[in-house]
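# Understanding the architecture of this molecule
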Amino acid sequence: MKAVRMHQYGDAKVLSYEDAPKPEIAADEVLIKIVASSVNPVDWKVRAGYLKDYINYDMPLTPGWDLSGVVEAVGSQVTDFKAGDQVYSRPDINRNGTYAEYISVKADEVALKPQTISHTEAATLPLAGITAWDAIVTHGNLKAGQKVLVHAGSGGVGSLAIQIAKARGAYVISTTSSKNAALVKSLGADQVIDYTTTDFSQVLSDLDMVFDTLGGEVQESSFSVLKPGGLLASVVSPPSQEKAQEYGVKAMDYFIEPNAQILEQLAEMVDQGQVRPLVGAEFALSDIEKAHALSESGRTVGKIALYVGQP
């Protein structure tokens, strides 16, 4: 099969589109023919070696941890799936990933893909969708009538967080640039703040939750807009517990795990018209260097999809 593999850590040039052995499956796994994958910031952070002290990868490594595709074979213990099922997944990040024509995945990390969108769109959902869901639902437990600020609402994670929060009945505020304001409103944001002209911390207060996808000064300024007991949840870096105590709020960061149950709920929301993935760019798998360059630029709207092959 064809796959993108890296034989060492480094810049995008270490990514090699090459022949690789087709994976075998264990009794509790499924073999999936991948139709599409997508690029997440964690992909190039792994590639650059930023996580090598946390995850001990064997080389060569196939990166990528988003997929949508078709089940080709199932292990002897698998009863929930059969050959021909259209599925999607955010598989275990400790193993070889999804920049490949085939992958073996634990069956409990797989869900049936949404029926109303393409494989390309579905492939952009798992990692970003679980990330957004964990913030808004798992950790935030956001309820109808509560107010949430979602930073970077036009991004892959932010765009989904807005829609999930809106589906739960929350009042959603988001930061973005003026050129993406209409897009962010179309996703369900009730209030949009242009970060290039307005300091959100000067115009917002008494919020139940802030979802931080940016870190740095934005994270620091987010404490002041929360009501006492509010929550600052970050996917970038650990917020200051001293500041949280000072403002009387809760603050946390988190790292997601595979979660088929969340994917099942996201698929239902997609098919009910409550959530739509935002695909800002699409590349062939063989153009992976260009895809990583765009992701690293930080100028993407929505997600970057990777087309792998026909179902």
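Here the structure is a predicted model, which means the values were calculated and not measured.

## Some thoughts on the packing of helix α3 (residues 126-139) against helix α9 (residues 260-271)
It is the contact of α3 with α9, at a shortest axis distance of 10 Å, that shows an interaxial angle of 95°. Relative to α9, the element α3 lies roughly perpendicular. From α3, Pro126, Gly129, Ile130, Trp133, Asp134 and Thr138 reach across to α9, where they touch Ile262, Leu263, Gln265, Leu266 and Met269. Residues belonging to the contact of α3 with α9 are distributed by class as follows: 7 nonpolar, 3 polar and 1 charged.

## Observations concerning the packing of α3 against helix α4 (residues 156-167)
Between α3 and α4, the shortest axis-to-axis distance is 8 Å and the interhelical angle comes to 45°. Overall, the two elements α3 and α4 adopt an arrangement that is oblique. When the axes of α3 and α4 are compared, the crossing they make is right-handed. Along the contact surface, α3 presents Ala128, Gly129, Thr131, Ala132, Trp133, Ile136 and Val137, while α4 presents Gly156, Val157, Leu160, Ala161, Ile164 and Ala165.

## Considering the pairing of strand β8 (residues 147-150)
In this sheet, strand β9 (residues 171-176) lies alongside β8 in parallel orientation, the contact comprising 4 bridges. Bridge assignment links Leu149 to a residue of β9, and that residue is Ile173. Strand direction decides the pairing type here: β8 and strand β11 (residues 207-212), joined by 3 bridges, are parallel. Bridging from a neighbouring strand, Leu149 pairs with Val210 of β11.

## Thoughts on the pattern of salt bridges
Scanning the model with the defined rule gives 12 salt bridges in all. Taking the shortest distance from any N to any O, the salt bridge between Arg5 and Glu18 comes out at 2.7 Å. In this pair, Arg5 sits in strand β1 (residues 2-6) while Glu18 sits in strand β2 (residues 15-19), placing the two residues 13 residues apart along the sequence. In this structure Arg5 comes out as buried when scored by relative accessible area, which is 16%. Glu220 is the partner of Lys243 in a salt bridge, and the nearest nitrogen-oxygen pair spans 3.4 Å. One end of the pair, Lys243, is in helix α8 (residues 241-247); the other, Glu220, is in helix α7 (residues 216-222), and 23 residues separate them in sequence.

## Some points on the environment of Val137
Here Val137 is to be found in helix α3. When the C-alpha atoms of Val137 and Ala165 are compared, they prove to be 8.1 Å apart, with 28 residues separating the residues in sequence. Other than its neighbours up to four places away in sequence, Val137 contacts Ile164 and Arg168.

## A look at the packing of aromatic side chains
Inspection of the entire model under this criterion finds 2 aromatic pairs. Ring geometry for Tyr57 versus Trp65: centroids 6.3 Å apart, planes at 25°, classification stacked. For Trp65, a relative accessible area of 0% translates into the label buried. Considering the side-chain rings of Phe223 and Tyr247, the 6.2 Å spacing of their centres and the 20° angle between planes classify their relative orientation as stacked. Of the two residues, Phe223 is situated in the loop between α7 and β12 (226-234) and Tyr247 in helix α8; the sequence distance between them amounts to 24 residues. The side chain of Lys45 reaches across the aromatic face of Trp44, ending 5.8 Å from its centre. Lying over the aromatic face of Tyr171, Lys147 brings its terminal NZ or CZ to 5.5 Å of the ring centre.

## Regarding helix α10 (residues 288-297)
Along α10, the residues that are buried comprise Ile288, Ala291, His292 and Ser295. What you see down the axis of α10 is that its buried residues fit within an arc of 95°, all on one side. Next to the buried residues of α10 lie β1, β2, β3 (29-39), α1 (41-48), β14 (279-284) and β15 (303-307).

## Some thoughts on the side chain of His151
Structurally, His151 can be placed in the loop between β8 and α4. At a separation of 3.2 Å, a polar atom in the side chain of His151 contacts the side chain of Thr175. What His151 contacts, discounting residues up to four positions off in sequence, is Gly158, Thr175, Phe200, Val210, Phe211, Asp212, Thr213, Leu214, Val218 and Ser222.

## Comments concerning the side chain of Ser177
As for its placement among the helices and strands, Ser177 is situated in the loop between β9 and α5 (181-186). For Ser177, a relative accessible area of 13% puts it in the buried group.

Thresholds, definitions, all that
Residues numbered from 1 in each chain as written. Predicted model: local features only at pLDDT ≥ 70, side-chain atom pairs only at ≥ 80, totals over all residues. Heavy atoms only, no water. Axes fitted to C-alpha atoms, helices over the stretch in contact; angles between N-to-C directions. Helix = DSSP H or I, 4+ residues; strand = E, 2+ residues; numbered from the N terminus. Parallel < 35°, antiparallel > 145°, perpendicular 65-115°, else oblique. Contact = heavy atoms within 4.5 Å. Nonpolar A, V, L, I, M, F, W, Y, C, P; charged D, E, K, R; others polar. Left-handed = near helix turned anticlockwise from the far one by under 90°. Pairing = 2+ DSSP bridges. Salt bridge = Lys/Arg side-chain N within 4 Å of Asp/Glu carboxyl O. Buried < 20%, exposed > 50% of the residue type's maximum accessible area, 1.4 Å probe, protein only. Phe/Tyr/Trp six-rings, centres within 6.5 Å; stacked < 30°, edge-to-face > 60°. Lys NZ or Arg CZ within 6 Å of the ring centre and 35° of its normal. Arc of directions from axis to C-beta. Polar contact = N/O pair within 3.5 Å; in protein donor to acceptor, adjacent residues only side chain to side chain.

Just distances and angles here, no functional claims.
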